[in-house]
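Per-entry structural report
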Amino acid sequence: MATPGFTSTRARSALACAIATLSITAALASSHREAPNITQTPKVDNTDTYAFRSYESGREGYVVVLANYIPLQDAYGGPNYFAMDPDALYEIHIDNNGDAKEDLTFSFKFTNTIRGTALNIGGKMVPIPLVNSGSLTTGSQPQLNFLQTYTVDLIKGARRSGTKASVGNLLGGTAFEKPMDNIGNKSIPNYSSYASMHIRGIDIPGCTPPAGTFPRVFVGQRKEGFGVNLGEIFDLVNIPTAKVIGSRSGSFNATANKNVTTIAIELPISCITTAT
């Protein structure tokens, strides 16, 4: 699950197929920065997708799916940072019978709320151009001027004609809050703790999880886990033989200090391997 300090790994799952794609308006695509068209809509740039059996004790009956978006995020990427696109659908498609067609789709939809925080400056209330007006230690605080929430729908069958139901939040309702990106230590004194508060238990329609457990979801900024020598690769593969492509320990990993936005969902294996 996406926990503080999480670094994703290249892992393969026994699951037949789990592929994250994205749809925006009438288009349907999944891409990366190398595709020319996606450069025009960076908020929907799906970089890497991972699926693997949970390695947490007591959660062997779960598979974790991670879909990463918005590559090459720098820590100084303010003042707007890296919110998801409210005009897009971010979808994870699962084919569980090997026919290369989705049987289950988890569809994420984001909503922006601008609270219009204003400060008294010279006797006049002036709206601030910042995402926060003070320190953030928990979710939904008044100091958070820009709030992004999301809902998750489960579509069974073909995504355009299947049955759709909302995934529930175990705390109530169907909405989940995305934590603000890591602005810095003054704005968010303990980002690991703050982000962890946004890992939520979920109720998946028609799914009975393993006894004593519940599936979970998280969407937020994470450390990039994919190592690659970007500059040298696209310079006509200008890599000396002494270097290692994508070295995690060497100094040639261009993404070592970059972030991505991760959609992480933990699913009971028994609920997603049953043919629909």
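Provided above is the structure to which this section pertains.
Along each chain, numbering runs from 1 in the same order as the chain's sequence is written. Selection of residues for local features in this predicted model requires a pLDDT of at least 70, selection of side-chain atom pairs for listing and counting requires 80 or more, and totals for whole chains, interfaces and linings are taken over all residues. To obtain the side-chain values, all non-hydrogen atoms of the structure were included, while hydrogens and water were left out.

Considerations on the overall build of the chain
Per the convention used, a helix needs a DSSP run of H or I reaching at least four residues, while a strand needs a run of E reaching at least two, with both numbered from the N terminus. For the chain, the helix and strand inventory stands at 3 helices and 15 strands. Per-residue accessibility, obtained with a 1.4 Å probe over protein chains only, is compared with the maximum for each type, and a residue is labelled buried under 20%, exposed over 50%, and partly exposed between these values. Across the 276 residues in the chain, those meeting the buried criterion constitute 45%. Residues count as neighbours in contact if any of their non-hydrogen atoms are within 4.5 Å of one another. Of all intrachain contacts in the chain linking residues separated by at least 6 positions in sequence, the fraction that spans at least 24 positions is 67%. Here the Shrake-Rupley method, with its probe set to 1.4 Å, supplies the accessible areas, and only the displayed protein chains count as covering residues. Summing over all exposed atoms, the chain offers an accessible surface of approximately 13,600 Å²; the carbon and sulfur share of this is 55%.

Thoughts on the environment of Gln-148
Mapped onto the fold, Gln-148 is located in strand E9 (residues 146-156). Along the backbone, Gln-148 and Asn-112 are 36 residues apart, and their C-alpha atoms lie at a distance of 4.7 Å. Setting aside residues no more than four positions away along its own chain, Gln-148 makes contact with Ala-83, Met-84, Phe-110, Thr-111, Asn-112, Phe-176, Glu-177 and Lys-178. Here a polar contact is recorded for every N or O atom pair within 3.5 Å, except that within protein the pair must consist of a potential hydrogen donor and a potential acceptor, and residues adjacent in sequence are included only if both atoms are side-chain atoms. Side-chain polar atoms of Gln-148 contact the side chain of Asn-112, separated by 2.5 Å.

As for unusual backbone geometry
The linkage connecting Gly-78 with the following residue, Pro-79, adopts the cis geometry, with an omega of 5 degrees. Positive phi, normally seen in glycine, also occurs at Tyr-81, with a value near 60 degrees. Structurally, the position occupied by Tyr-81 is in the loop between strand E4 (62-73) and strand E5 (88-95). Relative accessible area serves as the criterion here: at 16%, Tyr-81 is assigned to the buried category. The phi torsion at Ser-140 lies on the positive side, around 55 degrees, for a residue other than glycine. Considering the arrangement of structural elements, one finds Ser-140 in the loop between strand E8 (124-127) and E9.

A short note on the packing of aromatic side chains
Classification of ring pairs uses Phe, Tyr and Trp, with its six-membered ring standing for Trp, and accepts pairs whose centres are within 6.5 Å; under 30 degrees between planes counts as stacked, over 60 as edge-to-face, and the remaining range as tilted. According to the stated counting rule, one finds 7 aromatic pairs in the structure shown. Aromatic pair Tyr-90 and Phe-110: ring centres 5.4 Å apart, planes at 85 degrees, arrangement edge-to-face. Placement of the pair is Tyr-90 in strand E5 and Phe-110 in strand E6 (residues 104-114), with a sequence separation of 20 residues. Taking relative accessible area as the criterion, Tyr-90 reaches 0% and is therefore assigned buried. A centroid spacing of 6.0 Å and a plane angle of 35 degrees characterise the contact between Phe-108 and Tyr-150, whose relative ring orientation is tilted. Highlighted residues: Phe-108 in strand E6 and Tyr-150 in strand E9, separated in sequence by 42 residues. Side by side, Phe-108 and Tyr-150 carry an identical accessibility label, which is buried. Only lysine NZ and arginine CZ atoms are considered, and such an atom sits over a ring when it is within 6 Å of the ring centre and within 35 degrees of the ring normal. Positioned above the aromatic ring of Tyr-62 is the side chain of Arg-59, whose terminal nitrogen or guanidinium carbon lies 4.3 Å from the ring centre.

What to know about the pairing of strand E13 (residues 200-203)
As paired strands, strand E11 (residues 168-169) and E13 are joined by 2 bridges and run antiparallel to one another. The residue bridging Asn-169 from the neighbouring strand is Ile-202, located in E13. Any two strands with at least two DSSP-identified bridges between them are counted as paired. One ladder, built from 2 bridges, connects E13 with strand E14 (residues 216-223); its direction is antiparallel. Following the sheet pairing, Gly-201 is matched in E14 by Arg-216.

Some points on the sheet that holds E11
The strand order across the open sheet built from 6 strands is E3-E4-E15-E14-E13-E11, with neighbouring strands paired in antiparallel fashion. A strand with exactly one partner marks an edge of an open sheet, and here the two such strands are strand E3 (46-53) and E11.

Overview of the state of the cysteines
Any two cysteine sulfur atoms within 2.5 Å of one another count as a disulfide. If you walk through the whole model with that rule in mind, you get 1 disulfide. Shown here is the disulfide that connects Cys-207 with Cys-271, its sulfur atoms set 2.1 Å apart. On the S-S bond that ties Cys-207 to Cys-271, the torsion sits near 85 degrees, and the link is right-handed. Here Cys-271 lies in helix H3 (residues 269-272) and Cys-207 lies in the loop between E13 and E14, a separation of 64 residues in the sequence.

Topic: the pattern of salt bridges
Salt bridge criterion: a side-chain nitrogen from Lys or Arg within 4 Å of a carboxyl oxygen from Asp or Glu. Applying the stated rule across the entire model yields 6 salt bridges. Linking Arg-59 and Glu-266 is a salt bridge whose minimum nitrogen-to-oxygen distance equals 2.8 Å. Within this pair, whereas Arg-59 is found in the loop between E3 and E4, its partner Glu-266 is found in strand E15 (residues 259-268), the two being separated by 207 residues in sequence. Since its relative accessible area comes to 11%, Arg-59 is described here as buried. Residue Glu-266 is classed as buried on the basis of its relative accessible area of 0%.

By themselves, these are just geometric observations and shouldn't be taken as functional.
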